[in-house]
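Overview (structure and organization)
Here's the letter readout for the chains.
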Amino acid sequence: MRNSNRCRLATALFVGMIVFIIVFWVAGAHSQAANQTGVVTASTLNVRIGAGVDNAILQQDGKNVTLSNGFRVTITETLTGWYKVSFNLNGVSLSGYVSADYIAIETAATSSPQSTQTPVVKPQVIYRTETSYKPISVAARISKTAPLCKKNGKTRYKVAKKKIYLAKKKKITIQGEKIISGKKWFKISFTYKKKKRTAYVRNTYVKMTLKKAANAKIFNVKKSVKVRKKKGNKAAYKKSGGKIIRIAKGSTVSITKDVLEKETKWYKISYSYKGKTNTGYVNSKYVKLAKKAQTKKVRVTVLSSAQFEQMMKDQRFPESYKQSLRILHQQYPYWQFQAYHTGLDWNTVIANESKTGVNLISNAKGPSWKSKAEDAYDAATGKWKVFDGSTWVAASREAVSFYMDPRNFLNDRTVFMFELLEYQPQYQTKTGVNTILSNTPFYKKTFSYQDIHTGAGKSMYYVDAFIEAAKSTKVSPYHLASRVKQEVVTSATTTSSAVTGEVSAYPGIYNFYNIGATSSSQPVLNGLKWAANKTAGTYLRPWTDPYRSIVGGAQYISQGYISKGQNTGYLEKFNVTSYQRYNHQYMTNVEAAYEEAMKTKKAYADTMNQTPLVFSIPVFENMPASCCPMP
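Below or above, wherever it landed, is the structure these notes cover. (Residues numbered from 1 in each chain as written. Predicted model: local features only at pLDDT ≥ 70, side-chain atom pairs only at ≥ 80, totals over all residues. Heavy atoms only, no water.)

This model, assessed by the stated rule, comprises 35 aromatic pairs. Centroid distance F337 to F615: 5.7 Å. Interplanar angle 20 degrees. Geometry classified as stacked. Residue F337 is located in strand β30 (residues 336-345), and its partner F615 is located in strand β38 (residues 614-621); the two are separated by 278 residues in the primary sequence. Classification of F337 as buried rests on a relative accessible area of 4%. (Phe/Tyr/Trp six-rings, centres within 6.5 Å; stacked < 30°, edge-to-face > 60°. Helix = DSSP H or I, 4+ residues; strand = E, 2+ residues; numbered from the N terminus. Buried < 20%, exposed > 50% of the residue type's maximum accessible area, 1.4 Å probe, protein only.)

Set out below in structure tokens:
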């Protein structure tokens, strides 16, 4: 009995102490919240009678209560996305609710005991760069009576069954061009019988009336084109340092004048060479009109909780996506989310992506991760068929479903597989690229290479090569560096033989992105064969040094994937776009997009909450009600 009472007493004392600690902790926490001072960062901020924009605005003397920029309040309670605050206005003590998006917590850095002035805190203005492409539109005139054709260059263009000719000096607009049977045709718009029409005409019938230079690119050559001093095949070539100036295929130039020389059209162009702008003449068959990239800074507006809910509704995000997106919005208010509606049935997608050999996984994984289809697994021996290298086997339908379900990756570690891959120089920095390259043989290391214009030997840091590749292709350097780390880095000090330049079959050849390394027993050799291609002349091939491989490979990714609509890591891995759907997938590793996403996340580090990233998240028809589970 005595022992029982002692136990009861001890229990009562213990419970009392716990209650006291809890009460003291809660009181302390409340006191801390009550002592916090907030500073208004909006130009004007409404004060409401409750938390949420659906509540009425607080009134004083029949007028709405609004607080101006720099006004200080005392935060008495913290709610999801809102603060309950108290303050003095016009000599009257008031309290109400304000959006937390427009309140900065005052710290020692913004308030000094010696200062009696109210600090003015300017709202942080965040911008992102948006790139758009201006349609081709070049003013021109018909230089001599011209017959018109349809886009095949053979069928004559007719109106009311009558073949149409355009008279000399007729005003037209060039909207594009194409090569048909080795001859250049312009797509033009013009007015005929008071109606705007489009047709095709040979370029030799057209004279550009250039008020400003037309954007163009070098094409239709193996590697480069020589520049002449004047028009004509007999004109002397332009030189620099005793060497003929060449402009590489794919380089951007500007057409400043077009002239006809014995039925051959020549362009006077301006171009960049060794950091300077030069001019010269090139046969028009080597120059193609191109859309001009335009970049502009767009101010990013932080959405309130109510606005964010409306955004998800407008984007038609399914309910099963929304809670994860709400959490991300609360953590990173500058992030933006777009729904990429594929219009595809989920089960159809999984059936196609689960075909044997389309998606692979390491044989080291457990049985549930690996396919047991007849053409992937030998039931008699209990062994899986190897499709790539010595360890890569077919992924199971369950593994494909898990990695393809976007809902499994809507968190701040893996959401980067949905990040749009355009280059954003204001926040994709050398520091971030170096973060990705840390713990690799490329971190703070240089390589030697030959200048593609002069042939002179040079040295460059790997990080600078990725930044240069991003600048020239407009692809995120974080994506490029993450891709390289995923493809060829094997440890902090070692790499795949694809980037050593020492493979005996392809000496001096590098392939940093493993492009062309198709599934086989020797995928690296397949990739090096592709990188060594001397006849194609595309993407700076052959890749005889790291610079050509890093920059040329970025060109390949930009032109071969991103420009085709596969503009996120997810879509590069799982091609659910309309372009070669279920094929044209960059890698076969089913986990690749997931693994690259985590590498990219590290690059942003502590800047994520101030970075206006844009994520394009796929949505499918007839998806399961909840996330597909991990096998």
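Below, the discussion takes up a positive patch on the surface. On the surface, R141, K168, K169, K171 and K211 cluster together to form a positively charged patch. One can find K171 in strand β16 (residues 171-180). (Patch = residues over 30% accessible without salt bridge, like charges linked within 9 Å, V, L, I, M, F, W, Y side chains within 5 Å. Areas by Shrake-Rupley, 256 points an atom, 1.4 Å probe, with all protein chains shown as cover. Salt bridge = Lys/Arg side-chain N within 4 Å of Asp/Glu carboxyl O. Lys, Arg positive; Asp, Glu negative; His and termini not counted. Charge placed at Lys NZ, Arg CZ, Asp CG, Glu CD.)

A few words on the sheet that holds strand β18 (residues 195-202). The five strands are arranged β18-β17-β16-β11-β19 in an open sheet whose pairing can be described as antiparallel. The strands lining the two open edges of the sheet, one partner per strand, are β18 and β19 (206-208). Each strand of the sheet is rotated relative to its neighbour by a mean of 45 degrees, with strand direction disregarded. Both β16 and strand β17 (residues 183-192) contribute to a ladder of seven bridges, which runs antiparallel. The residue bridging K178 from the neighbouring strand is W185, located in β17. (Pairing = 2+ DSSP bridges. Axes fitted to C-alpha atoms, helices over the stretch in contact; angles between N-to-C directions.)

For the rest of this paragraph, the subject is helix α4 (residues 346-353). Among all positions in α4, only W346, V349, I350, N352 and E353 are buried. The buried residues of α4 all sit within an arc of 165 degrees when viewed along its axis, so they share a single face. The N-capping residue of α4, defined by a side-chain oxygen 3.1 Å from the backbone nitrogen of N347, is D345. (Arc of directions from axis to C-beta. Polar contact = N/O pair within 3.5 Å; in protein donor to acceptor, adjacent residues only side chain to side chain.)

Moving on, we get to the packing of helix α6 (residues 430-437) against helix α12 (residues 592-604). Two quantities define a packed helix pair, namely the angle between the axes and the distance from one axis to the other. Where α6 contacts α12, the axes come no closer than 7 Å and their chain directions differ by 135 degrees. If you check the angle between α6 and α12, you find them oblique. Relative to α12, α6 is oriented so that their crossing is right-handed. Judged by residue contacts, G432, T435 and I436 of α6 engage K599, T600, K602 and A603 from α12. (Parallel < 35°, antiparallel > 145°, perpendicular 65-115°, else oblique. Left-handed = near helix turned anticlockwise from the far one by under 90°. Contact = heavy atoms within 4.5 Å.)

In this section: the sheet that holds strand β35 (residues 392-394). Reading across the sheet, the three strands line up as β31-β35-β34 and stay open at both edges, with antiparallel pairing between neighbours. At either margin of the open sheet sits one strand with a lone partner, and together these are β31 (360-362) and β34 (386-388). The sheet shows a mean angle of 55 degrees between the axes of neighbouring strands, direction not considered. Judged from the two bridges that link them, β34 and β35 form a sheet pairing that is antiparallel. Note that in β35 the partner of V386 across the bridge is V393.

Our next topic: the side chain of N359. With respect to the helices and strands, the residue N359 is situated in the loop between α4 and β31. Polar contacts involving the side chain of N359 include one to the main-chain carbonyl oxygen of E353, which spans 2.9 Å. At 2.5 Å, the side chain of N359 and the side chain of K573 are in polar contact.

It is worth spelling out the pattern of salt bridges at this point. In the structure shown here, the tally under the stated rule is 13 salt bridges. Taking the shortest distance from any N to any O, the salt bridge between D451 and K458 comes out at 3.1 Å. For D451, a relative accessible area of 15% gives the class buried. Given the relative accessible area of 41%, K458 is considered partly exposed. It is possible to trace a salt-bridge network through shared partners that takes in K207, D258 and K265.

A few words now on unusual backbone geometry. Looking along the chain, the bond that leaves R541 and enters P542 is cis, with omega of 0 degrees. By the element assignment, P542 lies in the loop between α9 (523-531) and α10 (546-560). Its identity as a non-glycine residue notwithstanding, S181 has a phi of 55 degrees, on the positive side. With a relative accessible area of 68%, S181 lands in the exposed category.

Glancing now at the environment of T577. Along the polypeptide, T577 turns up in the loop between α11 (569-573) and α12. Here the alpha-carbon distance between T577 and S459, two residues 118 residues apart in the chain, equals 40 Å. Setting aside anything within four residues of it in sequence, one finds T577 in contact with Y340, K564, G565, Q566 and L571. Separated by 3.2 Å, the side chain of T577 and the backbone nitrogen of Y579 make a polar contact.

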